[in-house]
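One-letter residues, chain by chain:
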Amino acid sequence: MTRDDRWRNAAWTILSFVLIIALWDLVVRVFHLPTYLVPSPGTVMGAGLEQWPLLLEQSLWTSGAILAGYLAAVLVAVPLGMLIVASPLLERLLYPPMVATQSIPKIALAPLFVVWFGFGIWPKVSVAFLIAFFPIVVDTIVGLRGIDPAMIQLARSMGAPRWRMFLKLRLPHALPSIFGGLKVASTLAVVGALTGEFIGSDRGLGYVLVQASGQLNTPLLFATLVVLSVIAMAFFYAIEVLERVCIPWHVSQRGHPV
Amino acid sequence: MTQTSEPFIRIDQVEKRYPARRGEGTLALDELTLSIDSGEFVSLLGPSGCGKSTLLSMVAGLTRPTRGDIAIGGRPIQAPYTELGMVFQSDLLLDWRTVIDNVLLQFEMRGIDPRGHREQARALIASVGLAGFEAKHPWELSGGMRQRVAICRALVHDPALLLMDEPFGALDALTREQIQLDLQRIWQSRRKTVLFVTHSIAEAVFLSDRVVVMTPRPGRIHAVLDIALPRPRDLAVRESAQFSAYVREVGHIFQALGVLK
């Protein structure tokens, strides 16, 4: 992709957002929607500017919970996936209970975590962790298993020990799949942290949402949603950039220079 | 062939049976005996499922025979035999490595520092007509070029034995003819022993000193043909009456076996 192409793509993206906002404004004006139901884009922006110290501070809390839960999920899920692939015994031991816990709606565990960890950051981190964890394990396992058996035969004919096959063949081969899991998990971690904040919190954007809703302060509610989606998008794209750096060779990344 | 001295590869009454849940299982190879001399180019020719790939895998020590013995250079094969190069139907190149690094994988997997072998890898890559492509990635190459890189990877450590499992099966006809010529040239200049699995009669006749014709499952050796075509063989050989006679002979064998109707 040339530099010109990238500018053109960026221009189209901006244009699409401008069109959506213009349409929103038009709908509010034409149908005379009351502010407590749907505020106009201008009103939302006003509320955001007015409350920016609050939004900034609470964003930091929420981002902290998202990031902590996500990192914990990555640090546990990737090695766990590796262990499950490495050992059939561990697979039989760990995989069924892990799948069983996934059948519990993780959001339903949030009240329990409030009982256990109180109103601090830990219930949010816990829900974010639990909800982000599963896709990473599953995609790690799929990626590590997905190698061509002939490749393993070839490596054996070269006398390679298992650890070297793992480092030089299986792991790099699994990276595209692992990144798939990491991206799905990145959006789920946001859901998890926010849910934690809904259930019991005196801080964070989830708390702001609950407060704004109780006061029928719809402009602030909308402004918070905008901030939240910006955080979620920034997080997702950060993972995408990391992916581009790590696997520039993969078919999904070719022609997309960093 | 004289049997006074030990052949390079000795396959002695080898049987391979795959277990089934009940009963005797599937007999893939039965009572197979074959000797291959050093420097010989031998093809295993047969229909799909006749166990020719299994036999190749057993020579490499990657699969154990249910019965019988295989020895290379007088040493019985009980574990993966690593003094060889292997080429499969799929080129098995790693997308995250450049051409030269794919070739050097041969050393890295053996725990040998590849830095001392770059020049020899470069020369080998040039010898198959890929000079200037060393820093390209596999996805930037055509199918024929990729398989050439795979052949380089199998040869870079200069093994005495080359095992090839339908290496050109996925290539288009023109590429296939060219790469057959190149393989013959490499084989003549380096004098490897080659065991070559194919289901193309013309390919087997064109490349081989001997063609081992196998029966459908369970795989047995039905006939071994000495191919007395002069070397080096060029494409004109394919037009010769002698070449056609060999191809016809194999065709008749397959008709008699019911493989061709």
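Above: the structure in question.
Our subject in this report is the structure included herewith. (Residues numbered from 1 in each chain as written. Chains lettered and ligands numbered in written order. Predicted model: local features only at pLDDT ≥ 70, side-chain atom pairs only at ≥ 80, totals over all residues. Heavy atoms only, no water.)

Scanning chain B from terminus to terminus reveals seven helices and 10 strands. Computed over the C-alpha atoms, the radius of gyration of chain B is 19 Å, within 12% of the 18 Å expected from 2.2 N^0.38 for a compact globule of 261 residues. Each of the three principal axes of chain B carries a C-alpha extent, and together these read 50 × 45 × 40 Å. When the 261 residues of chain B are sorted by exposure, 55% land in the buried category. Summarising the internal contacts of chain B: among those between residues at least 6 apart in sequence, 68% fall at separations of at least 24. Accessible surface computed for chain B: about 11300 Å², of which carbon and sulfur atoms make up 49%. Charge separation in chain B, taken as the distance between the mean sites of 31 positive and 30 negative side-chain charges, equals 3 Å. (Helix = DSSP H or I, 4+ residues; strand = E, 2+ residues; numbered from the N terminus. Rg over C-alpha atoms; globule rule 2.2 N^0.38 Å. Buried < 20%, exposed > 50% of the residue type's maximum accessible area, 1.4 Å probe, protein only. Contact = heavy atoms within 4.5 Å. Areas by Shrake-Rupley, 256 points an atom, 1.4 Å probe, with all protein chains shown as cover. Lys, Arg positive; Asp, Glu negative; His and termini not counted. Charge placed at Lys NZ, Arg CZ, Asp CG, Glu CD.)

All names here are of chain B. Pairing analysis gives five bridges linking strand E1 (residues 9-18) to strand E4 (residues 67-72), with the strands arranged antiparallel. Opposite aspartate 12, over in E4, you have aspartate 69 as the bridge partner. In this sheet, strand E5 (residues 75-76) lies alongside E4 in antiparallel orientation, the contact comprising two bridges. Considered in E5, the bridge of alanine 71 is made with proline 76. Between E4 and E5, which follow one another and run antiparallel, lie two residues, and glycine 73 among them has a positive phi close to 60 degrees. (Pairing = 2+ DSSP bridges.)

Between arginine 217 of chain B and the following residue, proline 218 of chain B, the backbone shows a cis peptide bond with an omega angle of -5 degrees. Looking at the element boundaries, proline 218 of chain B is found in the loop between strand E9 (210-214) and strand E10 (221-226). The phi angle at histidine 32 of chain A is positive, at roughly 50 degrees, despite the residue not being glycine. With respect to the element layout, histidine 32 of chain A can be found in the loop between helix H1 (3-30) and helix H2 (41-50).

Attention now moves to helix H4 (residues 88-102) of chain A. With 15 residues, H4 of chain A extends 21 Å between its outermost C-alpha atoms, agreeing within 8% with the 21 Å of an ideal straight helix rising 1.5 Å per residue. Of all the bends in H4 of chain A, the greatest reaches close to 30 degrees and is centred on leucine 94 of chain A; the proline proline 96 of chain A follows between one and four positions later. (Expected span 1.5 Å × (residues − 1). Bend = angle between axes of the 7 residues up to and from the residue.)

Residues and elements named next belong to chain B. Here the structure, examined in full by the defined rule, presents 26 salt bridges over all chains. Put simply, glutamate 203 and arginine 176 hold a salt bridge, and the shortest N to O gap is 3.0 Å. Linking glutamate 203 in helix H6 (residues 201-207) with arginine 176 in helix H5 (residues 173-190), this pair joins segments that are 27 residues apart in sequence. Of the two residues, glutamate 203 and arginine 176, both sit in the buried class. Linking arginine 185 and aspartate 182 is a salt bridge whose minimum nitrogen-to-oxygen distance equals 3.5 Å. With a gap of three residues between them, arginine 185 and aspartate 182 both fall in helix H5, about one helical turn apart. Assessed through its relative accessible area of 40%, arginine 185 is described here as partly exposed. A relative accessible area of 10% places aspartate 182 in the buried class. (Salt bridge = Lys/Arg side-chain N within 4 Å of Asp/Glu carboxyl O.)

This brings us to the packing of aromatic side chains. All told, the structure shown has 11 aromatic pairs over all chains when counted by the stated rule. Aromatic side chains tryptophan 249 of chain A and tryptophan 96 of chain B sit 5.0 Å apart centroid to centroid with 55 degrees between the ring planes, which places their arrangement in the tilted category. Remark: tryptophan 96 of chain B occurs in the loop between strand E6 (84-87) and helix H2 (99-108) and tryptophan 249 of chain A occurs in the segment after helix H10 (218-246); the pair is interchain, linking two chains. Across the pair, tryptophan 96 of chain B and tryptophan 249 of chain A agree in class, each one buried. Judged by centre distance (5.8 Å) and plane angle (55 degrees), the ring pair of phenylalanine 168 of chain B and phenylalanine 196 of chain B falls under tilted. Linking phenylalanine 168 of chain B in the loop between strand E7 (161-165) and H5 with phenylalanine 196 of chain B in strand E8 (residues 193-198), this pair joins segments that are 28 residues apart in sequence. For the pair phenylalanine 168 of chain B and phenylalanine 196 of chain B, a shared accessibility class is recorded, and that class is buried. (Phe/Tyr/Trp six-rings, centres within 6.5 Å; stacked < 30°, edge-to-face > 60°.)

This part is about the sheet that holds strand E3 (residues 41-45) of chain B. Residues and elements named next belong to chain B. Taken together, the six strands give an open sheet; going across it, the order is E6-E7-E8-E3-E9-E10, and neighbouring strands pair in mixed fashion. Edge positions in the sheet fall to E6 and E10, since each of these pairs with one other strand and no more. Shown here is a sheet whose adjacent strand axes are inclined to one another by a mean of 15 degrees, direction ignored. Sheet analysis places E3 next to E8, joined by five bridges and oriented parallel. Looking at E8, one finds that phenylalanine 41 is bridged to valine 194. (Axes fitted to C-alpha atoms, helices over the stretch in contact; angles between N-to-C directions.)

Attention now goes to a nonpolar patch on the surface. Residue and element names in this part refer to chain A. On the surface, a nonpolar cluster with roughly 580 Å² of combined accessible area is contributed by Phe17, Ile20, Val226, Val230, Met233 and Tyr237. Contributing elements (two or more residues each) for the nonpolar patch: H1 and H10. Here the nonpolar patch gets four residues from one element, more than from any other, and that element is H10. Relative to the elements of secondary structure, isoleucine 20 occurs in helix H1. Classification of isoleucine 20 by relative accessible area gives exposed; the value is 53%. (Patch = residues over 30% accessible without salt bridge, like charges linked within 9 Å, V, L, I, M, F, W, Y side chains within 5 Å.)

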